[in-house]
Structures are given as structure tokens and as C-alpha cells.
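A look at the structure
The chain contents come next:
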Amino acid sequence: MSFWDGLWWGRAADFESGSAASNSIELTKRHPVVSLTKQGAATGNLRINLSWRMRTSDIGGPERESLLRHPFKLFKPDVVQAHTQSMVNVDLDLGCLYELTDGEKGVVQPLGSFFGALNAPPYVKLSGDDRFGSASGETIYVNLDHRESIKRLLVFVYIYDQTPAFDRTHAHVTLYPSNGPRVEISLDERAPQARSCAVVTIENVKGELIVRREVKFVYGFQAELDRLYGWGLQWGRGYKSKVGER
């Protein structure tokens, strides 16, 4: 199947425009595609952020106090606690498969310390490895001033060497262009046994940068995503450095 099979066949209604109220675009199943070029957002550094928090049901949920003793609790929203190591052993990582127009292919990811480069090929760089679900999450930068050198990118999320738990987290990937509305993709589908998720693709189509929501969960790791999208790389077992090492 073609990488963008079906995109150009009667799918014009799938292109989403920004919200003036929130200055954001949410990519959904019904509206999975947006053009960065048409949004005037195809230059500068594109920031791609992964953030997540645990579902309250996974950490025991809120304590249920008697409404007779505390009647105003009915109108008080539940507190959602942040992800910490003591609550669950989950390590979501952000990665990016890239293919350049000269044929170079590779991956940017924490595993193996493939952090990439911003001002040299592949023009994709990972800022670091967030292992504990901090508020800032993990971030990948893409230098769109070199967009003519980029053929396609696949942004993905995977669980490193721990129990599959995508269904126990609220995970979001957000694209922040240098100009125009941000683009949001929620990993809201339940896939309890999945270890990886293809989140979004960015492709240079005749000079136009097209972003497409994927949100496809797989039960393997990067090699399975590679086969799904036809990257053709060779994969082996990789390990992370210890916390604090780079």
C-alpha cells in the first residue's frame, strides 16, 4: 500500500483548519490531515512534544468521601495526580523515523542515544529522554528551513522495556510550528498490549508539508513500525544509558 494511499482521492473534507478560540488544530479520525504550508507554518523549527499522565483509575482513583459529610465535594473536580515511578513502571519514549530526499534513512530516538542533529542532516533532533513523565515531556525539533531535504518523517511513541501500558496513560503529541496554530494528536485509543504507536507522519509532497494523523498501535517495536511504513532499515537490540549519562 502506498504511504499516502487514499489521501488524494476525494478526501478534501479531511483537511482541518485551525481554531481561532484555542489557536490549535486537533487531528482526529474524521479530520486527520493538515497542511503546514497552507497554514504558513513550513519554516523555522517545528517542535514536537510528547507528554503524558496516568489515568486516575490506574492509581486507585480519587477517594470517595461521603457527600452527606462533604456535600460540596460534588462540585469539586477530581485531582489527577502526575505520573511518578512509585505509581507505575512506564517509560514512554518519543522517536522519529526519517527519510531524506537524497535517500538517507534513519531514526532519532533515546534508545541507542540517536539524538540527531538540527542544523545538519537529518535536521531532526531529540532534546533528551524524559523517563518519569515530567510536565515538559520529551521534545523533538525539526528544522523546516531545510524542508527541501526532508522527504518524510514518522513520529512514534514506544514503551521501553517495561510492561505495555498505553491504556493506563493519557498521552498527547503536540506539534508547535514557528508560526500558526499548534497541532494536537491524542493517543486516546485503548491498546493494552501494544508497545509502540505510529502517531503522525509529515511528508513533503511537491514542496507542500502535509501532516497526517496515524495513531496506529503495534505489538512490537521499531522494526514493526518500519515494516508497516516501508522504511527498510536493519534493526537490532538496543539499550539506554543509565540515568544521567549521555
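Our structure is the block above this text.
These figures come from a predicted structure and were not determined experimentally.

The rules we used
Residues numbered from 1 in each chain as written. Predicted model: local features only at pLDDT ≥ 70, side-chain atom pairs only at ≥ 80, totals over all residues. Heavy atoms only, no water. Helix = DSSP H or I, 4+ residues; strand = E, 2+ residues; numbered from the N terminus. Buried < 20%, exposed > 50% of the residue type's maximum accessible area, 1.4 Å probe, protein only. Contact = heavy atoms within 4.5 Å. Areas by Shrake-Rupley, 256 points an atom, 1.4 Å probe, with all protein chains shown as cover. Salt bridge = Lys/Arg side-chain N within 4 Å of Asp/Glu carboxyl O. Phe/Tyr/Trp six-rings, centres within 6.5 Å; stacked < 30°, edge-to-face > 60°. Lys NZ or Arg CZ within 6 Å of the ring centre and 35° of its normal. Pairing = 2+ DSSP bridges. Axes fitted to C-alpha atoms, helices over the stretch in contact; angles between N-to-C directions. Polar contact = N/O pair within 3.5 Å; in protein donor to acceptor, adjacent residues only side chain to side chain. Core = buried A, V, L, I, M, F, W, Y, C linked by side-chain atoms within 4.5 Å. Arc of directions from axis to C-beta.

Points about the overall build of the protein chain
- Of the regular secondary structure elements, the protein chain holds 1 helix and 13 strands.
- Within the protein chain, the fraction of its 246 residues that count as buried is 46%.
- Sequence separation of 24 or more characterises 68% of the internal contacts of the protein chain that already satisfy a separation of 6 or more.
- Surface exposure of the protein chain reaches about 12800 Å², of which carbon and sulfur atoms provide 49%.

Quick notes on unusual backbone geometry
- Of the consecutive residues P121 and P122, the connecting peptide bond is found in the cis state with omega at 15°.
- Examined against the element boundaries, P122 turns out to sit in the loop between β6 (116-117) and β7 (124-126).
- Phi angles above zero are rare outside glycine, and K206 is one such case at about 55°.
- By relative accessible area, K206 is classed as exposed at 87%.

Brief notes about the pattern of salt bridges
- Summed over all chains, the structure comprises 5 salt bridges.
- Across the pair R182 and E184 runs a salt bridge whose closest N-O atoms are separated by 2.7 Å.
- The exposure class assigned to R182 is partly exposed, which follows from its relative accessible area of 27%.
- Given the relative accessible area of 24%, E184 is considered partly exposed.
- When salt bridges that share partners are traced, they join E99, K151 and R152 into one network.

Examining the packing of aromatic side chains
- Following the criterion strictly, the structure yields 1 aromatic pair and no others.
- With centroids separated by 5.8 Å and ring planes inclined at 35°, the aromatic side chains of F156 and Y158 adopt a geometry described as tilted. This pair shows no difference in class: F156 is buried, exactly as Y158 is.
- The ring centre of Y176 lies 4.0 Å from the NZ or CZ of R47, which sits over that ring.
- One residue, R152, lies across the ring of W231, its end atom 3.8 Å from the ring centre.

A closer look at the sheet that holds strand β5 (residues 105-108)
- As summarised here, the arrangement of the 6 strands in space is β2-β13-β12-β9-β4-β5, forming an open sheet in which the pairing is antiparallel. Pairing within the sheet leaves two strands with one partner each, and these edge strands are β2 (33-35) and β5. In this sheet, neighbouring strand axes are inclined to one another by 20° on average, regardless of whether the strands run parallel or antiparallel.
- By the bridge criterion, 9 bridges tie strand β12 (residues 196-205) to strand β13 (residues 208-218) in an arrangement that is antiparallel. Of the residues in β13, the one forming a bridge with A198 is K216.

As for the pairing of strand β9 (residues 150-159)
- Counting buried positions over the 10 residues of β9 gives 9, a clear majority of the element.
- Two strands pair when backbone bridges link them, and β9 and β12 are joined in this way by 7 bridges, in the antiparallel orientation. Residue pairing in the sheet places F156 in a bridge with A198 of β12.

Structural notes on the side chain of S196
- Relative to the elements of secondary structure, S196 occurs in strand β12.
- Separated by 2.7 Å, the side chain of S196 and the backbone oxygen of G220 make a polar contact.
- Contacts of S196, omitting those with residues within four sequence positions, involve V157, Y158, F166, K216, F217, V218, G220, F221, Q222 and L225.

As for the nonpolar core
- Core analysis: the largest hydrophobic core is formed by 45 residues, its most contacted members being I48, V142, V157, F166, L175 and L187.
- Apart from residues lying up to four places away in sequence, I48 is in contact with L94, E138, T139, I140, V142, V155, V173, T174, L175 and I202.
- One finds Y160, V218, L225 and Y229 within the second-largest nonpolar core, a separate group that totals 12 residues.

Describing the environment of V218
- Among the structural elements, V218 can be located in strand β13.
- Judged by relative accessible area, V218 falls into the buried class, the value being 7%.

Thoughts on helix α1 (residues 222-229)
- Taken as a whole, α1 has its buried residues at Q222, L225, D226 and Y229. Here the buried residues of α1 occupy an arc of 105° about the axis, which is enough to place them on one side.
- Elements in contact with the buried residues of α1: β9, β12 and β13.
- Positive backbone phi, approximately 70°, marks G230, located one or two places after α1.

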